[in-house]
Amino acid sequence: MRVLRRGEDGPAVAEVRSTLTALGLLPSSNGSGSLFDKAVEHAVRTFQQQRGLITDGVVGPATYRALRDATYQLGARPLAYLVSAPVSGDDVLTLQERLLELGYDAGRPNGVFGAQTEAALRNFQRDYGLKVDGICGPETLRALRQLSPRARGGSPVLLREQERVRKAGPRLRGKRIVIDPGHGGSDTGVTVGDVREADLVWDLARRLEGRMVATGMQALLSRGRDQCPTEADRASFANDVGADLYLSLHSDANPSPLAQGVASFHFGTAGGSTSTIGETLAGFIQRELAVRTGLRDCRAHPKTWDTLRLTRCPAVRVEIGYLTNPDDRRRLSDPAFRDVVAEGVLVAVKRLYLLGENDQPTGTFTFADVLRHELARVE
Ligand SMILES: [Zn+2]
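Below is a summary of the structure that appears in this document. (Residues numbered from 1 in each chain as written. Predicted model: local features only at pLDDT ≥ 70, side-chain atom pairs only at ≥ 80, totals over all residues. Heavy atoms only, no water.)

1. A short note on the overall build of the protein
Here's step 1: Scanning the protein from N- to C-terminus turns up 14 helices and 8 strands.
Here's step 2: The C-alpha atoms of the protein give 22 Å as radius of gyration, which agrees with the globular expectation for 379 residues (21 Å, within 12%).
Here's step 3: Buried positions account for 49% of the 379 residues belonging to the protein.
Here's step 4: Within the protein, counting contacts between residues at least 6 apart in sequence, those at least 24 apart form 66% of the total.
Here's step 5: Accessible surface computed for the protein: about 17400 Å², of which carbon and sulfur atoms make up 51%. (Helix = DSSP H or I, 4+ residues; strand = E, 2+ residues; numbered from the N terminus. Rg over C-alpha atoms; globule rule 2.2 N^0.38 Å. Buried < 20%, exposed > 50% of the residue type's maximum accessible area, 1.4 Å probe, protein only. Contact = heavy atoms within 4.5 Å. Areas by Shrake-Rupley, 256 points an atom, 1.4 Å probe, with all protein chains shown as cover.)

2. Some words on the sheet that holds strand S1 (residues 176–181)
Here's step 1: Pairing is mixed across the open sheet formed by 6 strands, whose spatial order is S4-S1-S5-S8-S6-S7. Both outer strands of the open sheet, strand S4 (218–221) and strand S7 (297–303), are each paired with one neighbouring strand and no more. The average undirected angle you get between the axes of adjacent strands in this sheet is 20 degrees.
Here's step 2: Two strands pair when backbone bridges link them, and strand S5 (residues 245–252) and strand S8 (residues 315–322) are joined in this way by 6 bridges, in the parallel orientation. Each bridged residue has a counterpart across the sheet, and for His 250 the counterpart in S8 is Glu 319.
Here's step 3: Across the sheet, helix H8 (residues 197–214) lies against S1, S4, S5 and S8, angled at about 145 degrees from S5, the strand it touches most. (Pairing = 2+ DSSP bridges. Axes fitted to C-alpha atoms, helices over the stretch in contact; angles between N-to-C directions.)

3. So, the packing of helix H5 (residues 115–127) against helix H6 (residues 138–146)
Geometrically, a packed helix pair is captured by the angle between its two axes and the distance between the axes.
Here's step 1: In the contact formed by H5 and H6, the axes pass within 11 Å of each other and the chain directions differ by 80 degrees. In terms of axis orientation, H5 runs roughly perpendicular to H6. Contacts between H5 and H6 involve Leu 121, Phe 124 and Gln 125 from the first element and Thr 140, Ala 143 and Leu 144 from the second.
Here's step 2: In terms of residue class, the contact of H5 with H6 is made up of 4 nonpolar, 2 polar and no charged. (Parallel < 35°, antiparallel > 145°, perpendicular 65-115°, else oblique. Nonpolar A, V, L, I, M, F, W, Y, C, P; charged D, E, K, R; others polar.)

4. Examining H8
Here's step 1: With 18 residues, H8 should reach 26 Å at 1.5 Å per residue; the first-to-last C-alpha distance of 26 Å fits that figure.
Here's step 2: Residue Gly 216 follows H8 closely and has a positive phi angle near 100 degrees. (Expected span 1.5 Å × (residues − 1).)

5. Side note on the packing of aromatic side chains
Here's step 1: Overall, the coordinates contain 3 aromatic pairs when judged by the stated rule.
Here's step 2: Note on Tyr 104 and Phe 124: the rings are 5.7 Å apart at their centroids and 90 degrees apart in plane angle, and the pair reads as edge-to-face. Of the two residues, Tyr 104 is situated in the loop between helix H4 (90–101) and H5 and Phe 124 in helix H5; the sequence distance between them amounts to 20 residues. The burial state of Tyr 104 is the same as that of Phe 124; both residues are buried.
Here's step 3: With a centroid separation of 4.6 Å and an interplanar angle of 50 degrees, the aromatic rings of Phe 265 and Trp 305 are classed as tilted. Remark: Trp 305 occurs in the loop between S7 and helix H11 (306–310) and Phe 265 occurs in strand S6 (residues 262–267); sequence separation between them is 40 residues.
Here's step 4: For Phe 265, a relative accessible area of 9% puts it in the buried group. (Phe/Tyr/Trp six-rings, centres within 6.5 Å; stacked < 30°, edge-to-face > 60°.)

6. Side note on the coordination of the zinc ion
Tetrahedral coordination by four donors sets the ideal angle at the metal to 109.5 degrees; octahedral coordination by six donors sets it to 90 or 180 degrees.
Here's step 1: Protein coordination at the zinc ion: the donors are His 183 (NE2), Glu 197 (OE) and His 250 (ND1), at 2.1 Å from the metal.
Here's step 2: As a motif over one chain, the donors of the zinc ion read H-x13-E-x52-H. Taken together, the residues span a long stretch of sequence, with Glu 197 in helix H8 and His 250 in strand S5 at a distance of 53 residues. For the residue pair Glu 197 and His 250, the accessibility class agrees, reading buried in each case. (Donors = N, O, S within 2.8 Å, 3.2 Å for Na, K, Ca; no water.)

7. Re the layout of surface pockets
If you roll a probe as big as a water molecule over the atoms, it shows you where there is empty space left.
Here's step 1: What the largest pocket holds in volume is close to 1400 Å³.
Here's step 2: What lines the largest pocket is a set of 41 residues, and nearest its centre among them are Leu 53, Ile 54, Asp 56, Trp 305 and Arg 317.
Here's step 3: Considering every element that reaches the lining of the largest pocket, the biggest residue donor is helix H3 (residues 61–70), with 4 residues.
Here's step 4: Residue composition of the lining of the largest pocket, grouped by class: 17 nonpolar, 12 polar and 12 charged. (1 Å grid on protein atoms, 1.4 Å probe; cavity = no way out; pocket = protein on both sides within 12 Å on 5 of 7 lines; lining within 4 Å. Points joined across faces, edges and corners; volume = space filled by probe spheres on them.)

8. Some details on unusual backbone geometry
Here's step 1: Unusually for a residue other than glycine, His 183 sits at a positive phi of about 60 degrees.
Here's step 2: Structurally, the position occupied by His 183 is in the loop between S1 and strand S2 (191–192).
Here's step 3: A positive phi angle is found at Arg 299, which is not glycine, with a value near 65 degrees.
Here's step 4: As for its position among the elements, Arg 299 is in strand S7.
Here's step 5: With a relative accessible area of 55%, Arg 299 lands in the exposed category.

9. Structural notes on the pairing of S5
In summary, the side chains of a regular strand alternate between the two faces of the sheet.
Here's step 1: With 7 of 8 residues buried, S5 is to be regarded as a mostly interior element.
Here's step 2: As defined by bridge partners, S1 adjoins S5 across 5 bridges and the pair is classed as parallel. Bridge pairing in S5 links Ile 179 to Leu 247.

10. A few points about the side chain of Gln 96
Here's step 1: Mapped onto the secondary structure, Gln 96 falls in helix H4.
Here's step 2: Among all residues touching Gln 96, those that are not within four sequence positions of it are Ala 106, Arg 108, Pro 109, Asn 110, Gly 111, Val 112 and Thr 117.

11. Section: the pattern of salt bridges
Here's step 1: Summed over the entire model, instances satisfying the criterion amount to 26 salt bridges.
Here's step 2: We note a salt bridge from Glu 209 to Arg 206, for which the minimum N-O separation is 2.9 Å. Of the two residues, Glu 209 and Arg 206 are both situated in helix H8; the distance of 3 residues between them amounts to about one turn of the helix.
Here's step 3: Judged by relative accessible area, Arg 206 falls into the partly exposed class, the value being 44%.
Here's step 4: Note that Arg 207 and Asp 339 form a salt bridge whose closest N and O atoms lie 3.2 Å from each other. Pair noted here: Arg 207 is in helix H8 and Asp 339 is in helix H13 (residues 335–353), with a separation of 132 residues, a long-range link.
Here's step 5: It is possible to trace a salt-bridge network through shared partners that takes in Arg 65, Arg 68, Asp 69, Asp 306 and Arg 309. (Salt bridge = Lys/Arg side-chain N within 4 Å of Asp/Glu carboxyl O.)

Next comes the structure, spelled out in structure tokens:
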């Protein structure tokens, strides 16, 4: 699709305007017309902020999809699993969250009606004496609305994620990680002078890959040096290879040169559903990097970005420094600094599999320690 921004005019903008109006973000007196003006840009930014999208006031593919999804409220249409073209929307997300609350494993609440959502819906229908057709129609909706949740918080998907990590054991050997260097090819990412995000995160990914392979992990890169797959392609690559973890590497930018620091992101919705393992790993990465690198700690946050949403394994995206900040840019341009970052990330992954059973203080666990632990005899 064509990216829409301020100044554009045409039917695609008219559609965006009417959606924003329906969502109450654009005054209804403003709803008609086909110009992407200042008011539209402001409404798009507000929408992006609410949704955890990148707040740039521009309607690209991710924002366009989120706008379309937002127009569907549960009950507005029957929902079923369409194998060739899965249905997506806020109604699907609400359904998934409702099923999870009731104790049915609908998979990660990602707003896409997939096989697991259907299986959970069928189980629900069977348990409640409804027609077991896997379709969320009026009768099923009524039943879903009448029931009160058994328990909040302990949703089965998230517990299963934790159980998988526990069962996987503390060793890194044999675990498969997809390392995703952001951007690539003609998309250089944030570019300041001759410093390019795509090149920096590529180099960082290779440093991390080397360390992970040395511990016996299987590390796969989501792209070649000169390629730029879409976020959805990167996620499906991780799903296809059956990754245990997905780690996306980026650097940030801001109009203000004062913005600086490191931030980590894991899957989580506004409704409070979160990938606990993703959150735990994001927390470890965040702490190790903040302590080891001296970058400002901009904390870990839940987001619904495509790579976090569409990957089936726990996924974390780290924004390492702001290339628009002179200090951060200078640090990242130093290969020795990138080694420190790679070691911090490796230790964070190790901590995840140790399930917090290592009391070595943040920042002091070294690559050599990790190797020693990997090579130690099993007791
Ligand atoms: Zn980036």
